[in-house]
Amino acid sequence: MENIALIESFSEFKDDKFIDRVTLMSILEDVFRNALKKKFGSDDNFDIIINPDKGDLEIWRNRIVVGDGEVEDDNQEISLTAARRIEPDFEVGEDVSEEVKLIDLGRRSILALRQNLISKIHEHDNTNIYKQFKELEGEIYTAEVHHIRHRAIIMLDDEGNEIILPKDRQIPSDFFRKGENVRGVIESVELKGNKPSIIMSRTSPLFLEKLFESEIPEVFDGLITVKKVVRIPGEKAKVAVDSYDDRIDPVGACVGMKGSRIHGIVRELGNENIDVINYTNNLQLYITRALSPAKVTSIKINEETNRAEVMLRPEEVSKAIGRGGHNIRLAGQLTGFEIDVFREGVEEDVELTEFTDEIDSWIIEEFAKIGLDTAKSILEQDLADLVKRTDLEEETVSEVIKILKSEFED
């Protein structure tokens, strides 16, 4: 009876987790053999017969009959007298098979056995979940918000699997409520102990690439290739696309009439500004396109140092740099070149790095972050705008302007 109850309790897990018959048999036998080893010291001479469909389980211990008083190993041998209590016609040297009931293992062993059984099932289930999601790494996935924490959102999918969306993988404008469906890309899957840790990301460039795949048929069909994606999540992104079919305009196909095709992607990413550009092997043309919407006058490229000097008309400079320096930073990431902007018609200018004796290097770095790395590039800007864009104190910016002005006055 206890055997059947134990099997039936296991069957509940089997039905819930869809454990196949072979795995079911293997887990059951492994658990029972461990229990037999603890009880008898060895399981080599035991036969375990399992019929999970009917809930039947039988354990038989095989021992050799020896003469009375000659038993050296109770688990492997049985005395002639004891054997004849089972069957009166046994003789010395014969094999005796005797059924072992679970009750013979003892109450504690039965409880431990059941706990081990549950543990093995969970372990098997977690391994399957790990394998399933490991294959989904880099793919878009949807799950429902279950719990909102300060540092992460805990979600559940349709199978009840837990997926974590950390705060630093959320777009700054993201705001989710319990029960809401969230899309992201499966970024990583790891086993922590025996439990799989599934991390989703909405800030990864791969998420944007996969959105192009799912929303734009030509990308999904392979007619258009996404060559590279760079992002400042929630702010701006640049996507280089290419097509091997000259009849297809990759940028037009991705953007759609009046932005109709890309609108859904922009909305998904919290109104992230997405520039789609045609990829080309022509570096000068590629950098020119990457700096869009600015119009470049000329480019001088040094492939050894991966630097590009770009000449622009003064009114185009702010477009090339972009709000907060986003445009020039992404253009550099997209092309792999450090881009230096120069104003057309400005003959005399001085690199900020020349002022390290008077201006702290960390302040110079703050200006460089927004694409201002020469004296005149700063002097052409409004004081209030510089304070806002660099997040420096007004007093600090004023002192920098004073130092730079004195350079040209001298």
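See the structure printed just above.
Residues numbered from 1 in each chain as written. Predicted model: local features only at pLDDT ≥ 70, side-chain atom pairs only at ≥ 80, totals over all residues. Heavy atoms only, no water.

1. Focus: a negative patch on the surface
To keep things clear, this is the line we draw: Residues forming no salt bridge and having over 30% relative accessible area are the ones grouped into patches, like charges within 9 Å of each other and nonpolar side chains (Val, Leu, Ile, Met, Phe, Trp, Tyr) within 5 Å. All accessibility values rest on the Shrake-Rupley procedure with a 1.4 Å probe; residue burial counts only the protein chains present in the view. Basic side-chain nitrogens of Lys or Arg form a salt bridge, by our definition, when they fall within 4 Å of a carboxyl oxygen of Asp or Glu. For the charge count, each Lys or Arg is scored as positive and each Asp or Glu as negative, with His and the chain ends excluded. Charge positions come from single atoms, namely NZ of Lys, CZ of Arg, CG of Asp or CD of Glu. The helix count covers DSSP runs of H or I at least four residues long, the strand count covers runs of E at least two residues long, and both are numbered beginning at the N terminus.
Judged by side-chain charge, Glu309, Glu351, Glu354, Asp357, Glu358 and Glu407 come together as a negatively charged surface patch. With respect to the helices, strands and loops of the structure, glutamate 358 is situated in the loop between strand S15 (338-343) and helix H13 (361-369).

2. A few points about the sheet that holds strand S14 (residues 307-312)
Threshold: A strand pair is defined by DSSP finding two or more bridges across the two strands. Geometry is summarised by axes, namely lines fitted to C-alpha atoms with helices restricted to the contacting stretch, and by angles between N-to-C directions that run from 0 to 180 degrees. The contact criterion used throughout is that any non-hydrogen atoms of two residues lie within 4.5 Å.
The three strands lie next to each other as S13-S14-S15, forming an open sheet whose pairing is mixed. Looking at strand neighbours, the two that pair on one side only are strand S13 (296-302) and S15, the edges of this open sheet. For this sheet the average axis-to-axis angle between neighbouring strands, irrespective of direction, equals 20 degrees. Looking at chain direction, S14 and S15 are connected through six bridges and run parallel. Within S15, the position partnered with methionine 311 by the bridge is phenylalanine 342. Helix H11 (residues 314-321) contacts S14 and S15 of the sheet and is inclined by roughly 135 degrees relative to S14.

3. Things to note about the sheet that holds strand S10 (residues 224-232)
Read from one edge to the other, the open sheet built from three strands follows the order S10-S11-S12, with strand pairing classed as mixed. Every interior strand has two partners, whereas the edge strands, S10 and strand S12 (273-278), have only one. Taken over all neighbouring pairs, the strand axes of this sheet differ in orientation by 20 degrees on average, direction set aside. Sheet topology note: the S10/strand S11 (residues 236-243) ladder contains eight bridges and is antiparallel. Following the sheet pairing, valine 229 is matched in S11 by valine 239. Strands in contact with helix H6 (residues 205-215) are S10, S11 and S12; relative to S10, the strand with the most contacts, it is inclined by about 140 degrees.

4. Notes on empty space enclosed by the protein
Defined as follows: Cavity and pocket criteria rest on a 1 Å grid covering protein atoms alone: a 1.4 Å probe that fits but cannot get out defines a cavity, protein on both sides within 12 Å along at least 5 of 7 lines defines an open pocket, and an atom within 4 Å of a point defines a lining residue. Grid points are joined across faces, edges and corners, and a volume is the space filled by probe spheres set on the points. Residue polarity is assigned by list, with Asp, Glu, Lys and Arg as charged and Ala, Val, Leu, Ile, Met, Phe, Trp, Tyr, Cys and Pro as nonpolar; anything else, Gly included, falls into the polar class.
Summed over all chains, the structure comprises one cavity of 30 Å³ or more. Here the largest cavity is characterised by a volume of approximately 40 Å³. Considering the residues around the largest cavity, the lining is formed by Val317, Ile321, Val341, Arg343, Gly371, Leu372, Asp373, Thr374 and Ser377. Contributing elements (two or more residues each) for the lining of the largest cavity: H11 and S15. Class assignment for the residues of the lining of the largest cavity results in four nonpolar, three polar and two charged.

5. Description of the side chain of threonine 280
Our working rule: A 3.5 Å cut-off defines polar contacts: any pair of N or O atoms within that distance qualifies, except that in protein one atom must be a possible hydrogen donor and the other a possible acceptor, and neighbouring residues in sequence count only when both atoms are side-chain atoms.
The residue threonine 280 is located in the loop between S12 and helix H10 (283-290) in this model. Of note is the side chain of threonine 280, whose polar atom sits 3.1 Å from the backbone nitrogen of asparagine 282. Not counting residues within four places of it along the chain, the set of residues in contact with threonine 280 comprises Leu285, Tyr286 and Arg289.

6. Notes on the side chain of serine 243
What counts, and what does not: Classification of residues uses two cut-offs on accessible area relative to the type maximum, computed with a 1.4 Å probe and protein chains only: under 20% is buried, over 50% is exposed, and between them is partly exposed.
With respect to the helices and strands, serine 243 occurs in strand S11. Taking the relative accessible area as the measure of exposure, serine 243 reaches 11% and is therefore buried. At 3.0 Å, the side chain of serine 243 forms a polar contact with the backbone oxygen of leucine 223. There is a polar contact of 3.2 Å between the side chain of serine 243 and the backbone nitrogen of aspartate 245. Ignoring sequence-local partners within four residues, the contact set of serine 243 consists of Leu223, Ile224, Ile248 and Pro250.

7. A short note on the packing of aromatic side chains
Going by this rule: Classification of ring pairs uses Phe, Tyr and Trp, with its six-membered ring standing for Trp, and accepts pairs whose centres are within 6.5 Å; under 30 degrees between planes counts as stacked, over 60 as edge-to-face, and the remaining range as tilted. Criterion for a charge above a ring: Lys NZ or Arg CZ within 6 Å of the ring centre, and within 35 degrees of the ring normal.
Applying the stated criterion across every chain, the model contains three aromatic pairs. With a centroid separation of 5.2 Å and 70 degrees between ring planes, the pair formed by phenylalanine 133 and tyrosine 141 is classed as edge-to-face. Assessed through its relative accessible area of 18%, tyrosine 141 is described here as buried. Ring centres 5.1 Å apart and planes at 75 degrees place the aromatic pair tyrosine 279 and tyrosine 286 in the edge-to-face group. What makes tyrosine 286 buried here is its relative accessible area of 5%. In this structure, lysine 227 packs its charged tip against the face of tyrosine 279, placed 5.0 Å from the ring centre.

8. Examining the packing of H11 against helix H12 (residues 326-335)
The relative placement of two packed helices is expressed as an angle between their axes plus a distance between the axes. So the rule is basically this: Oblique is the label for any angle not under 35 degrees, not over 145, and not in the 65 to 115 range, which are roughly parallel, roughly antiparallel and roughly perpendicular in turn.
Interhelical geometry of H11 versus H12 gives an angle of 70 degrees and a closest axis separation of 5 Å. The angle between H11 and H12 places the two elements in the roughly perpendicular class. For the pair H11 and H12, the contacting residues are Lys319, Ala320 and Ile321 in the first and His326, Asn327 and Ile328 in the second. Among the residues forming the contact of H11 with H12, the class breakdown is three nonpolar, two polar and one charged.

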